[in-house]
Amino acid sequence: MPTTLSEAYREHPIPLRHTIPLDFNSVRTMPDSHVWPKSDDFSSDHRLSIPIIDLKDPKAVKLTSHACETWGAFQVINHGIPLNLLEDAESEARRLFSLPAQQKVKALREPAGTTGYGLARISPFFPKYMWYEGFTIMGSPVDHARTLWPNDNARFCDVIERYQKKIKVLAEQLTHLILKSLDISQEDLNWDIASPFTALQLNSYPSCPYPNRAMGLAPHTDTSLLTILHQSAISGLQIFRGGVGWVSVLPIAGALVVNVGDLLHILSNARFPSVLHRAVVNRDGCHRLSVAYFYGIPTDSNVCPLPKLLNISGQTPRYRSVTVKEYVIIKSKNFEEALSSIRI
């Protein structure tokens, strides 16, 4: 997958100014480049919350379908990933982002690259920079880890590899639940469900001197089939719900947040919304971390509304067929109009 995505990103490389984060450890005042307009209200509705689904519940298939359809997101408990592994992954992310800036940039993501340290890939689409630094891992973390810790990388690699293994199993389980809710079997798919494209994203939202003027991660949808997020005990994630506005996703110890991505939105013929979400900077001056796992279908596969689903529902397709790679290219050039550009 990294090679294929690199080919896609090579057609639209990101300039270095949109790749290198601030040295947050040395910042005492807020640069104008990171001050978002006062018109950007970062408040949210705390009265509502996304559904919480127990994967051991006999009604899990029905509950998952309803959550995907009405919210595009939910939290899962009893998901099979040990709490100590979630804590270890967060701890290793904190260790990485606590490194000096000059050490972190040794693993800087290439302009047309897919892995390493840097700003969010969506950065060029916004007039102001985000109060954010990230680290993307696809496959083995060893090469980057050796760059960051020449003599002390074994624990990081062990934790990340165990986390990737466990979260992939959960992603497959959730995909099975969601497809079952649509009455879709593996035989109805045009891709090998055992060969997904995946990426692990470590996210850091450092302490900010003026949190009410900074944006952690600007509003966006994910290109994945689905995304599974572990967030630290510090809140910051918000999702957008039509007719309501922004809703905070408050952390629940041991729970994981799951959200629908663009690919699942297309496959479901828009039945499941690809949820718009953002991360705001913590108001209490705390350093917030999260770990996101992006799960998708092979990049050379075609993605379009599932024919069997159209036959069952009697609907006409809302999106034309594209390969995942083609869609990645479209979104890298037309960030906000990617889905509308393939709408029929």
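Position labels on residues start from 1 in each chain and follow its written sequence. Local features in this predicted model are restricted to residues of pLDDT 70 or higher, and side-chain atom pairs are both shown and tallied only at a pLDDT of 80 or more, whereas totals for entire chains, interfaces and linings draw on every residue. Processing note: side-chain calculations cover all non-hydrogen atoms of the structure and skip hydrogens and water entirely.

Q: Just give me the short version of the pairing of strand β7 (residues 226-231), but keep the residues and values in it.
A: Along any regular strand, the residues point their side chains to alternate faces of the sheet. For each residue, the accessible area found with a 1.4 Å probe, counting protein chains only, is set against the maximum for its type, and the residue is called buried under 20%, exposed over 50%, and partly exposed in between. Secondary structure is summarised from DSSP: a helix means a run of H or I of at least four residues, a strand means a run of E of at least two, and numbering begins at the N terminus for each. The buried fraction of β7 amounts to six of the six residues, a majority that puts the element mostly inside the structure. Residue alternation in β7 divides its side chains into two sets, Leu226, Ile228 and His230 and Thr227, Leu229 and Gln231, and both sets are buried. Strands pair, by our definition, only if DSSP identifies at least two bridges between them. Sheet analysis places β7 next to strand β10 (residues 256-260), joined by four bridges and oriented antiparallel. For leucine 226, the partnering residue across the bridge sits in β10 and is valine 260.

Q: Break down the nonpolar core for me, citing the residues and quoting the values.
A: As a rule of thumb, nonpolar side chains are buried together in soluble globular proteins. Among the buried residues, those of types Ala, Val, Leu, Ile, Met, Phe, Trp, Tyr and Cys that are joined through side-chain atoms within 4.5 Å form a nonpolar core. Ranked by internal contacts, the top residues of the largest apolar core, which has 71 residues, are Phe135, Tyr163, Leu174, Leu202, Ile228 and Leu256. Considering each element in turn, this core owes the most residues, 12 residues, to helix α6 (residues 154-181). Apart from the residues within four sequence positions on either side, leucine 202 is in contact with Ala93, Leu96, Phe97, Tyr132, Glu133, Gly134, Phe135, Ile137, Phe156, Ile160, Ser290 and Val291. In terms of nonpolar packing, the next biggest core, distinct from the first, is built from 12 residues, Ala120, Ile122, Leu217 and Phe335 among them. Every residue pair with non-hydrogen atoms within 4.5 Å of one another is taken to be in contact.

Q: Give me the sheet that holds strand β11 (residues 277-280): which residues, what numbers.
A: Strand order across the open sheet formed by four strands is β6-β11-β8-β9, with antiparallel pairing between neighbours. Because the sheet does not close on itself, it has two edges, and the strands there are β6 (215-220) and β9 (245-248). Adjacent strand axes in the sheet meet at a mean angle of 25°, parallel and antiparallel pairs treated alike. Note: strand β8 (residues 237-241) against β9, four bridges, orientation antiparallel. Bridge pairing in β9 links arginine 241 to glycine 245. Angles run from 0 to 180 degrees between N-to-C directions of axes, and those axes are lines fitted to C-alpha atoms, restricted for helices to the stretch in contact.

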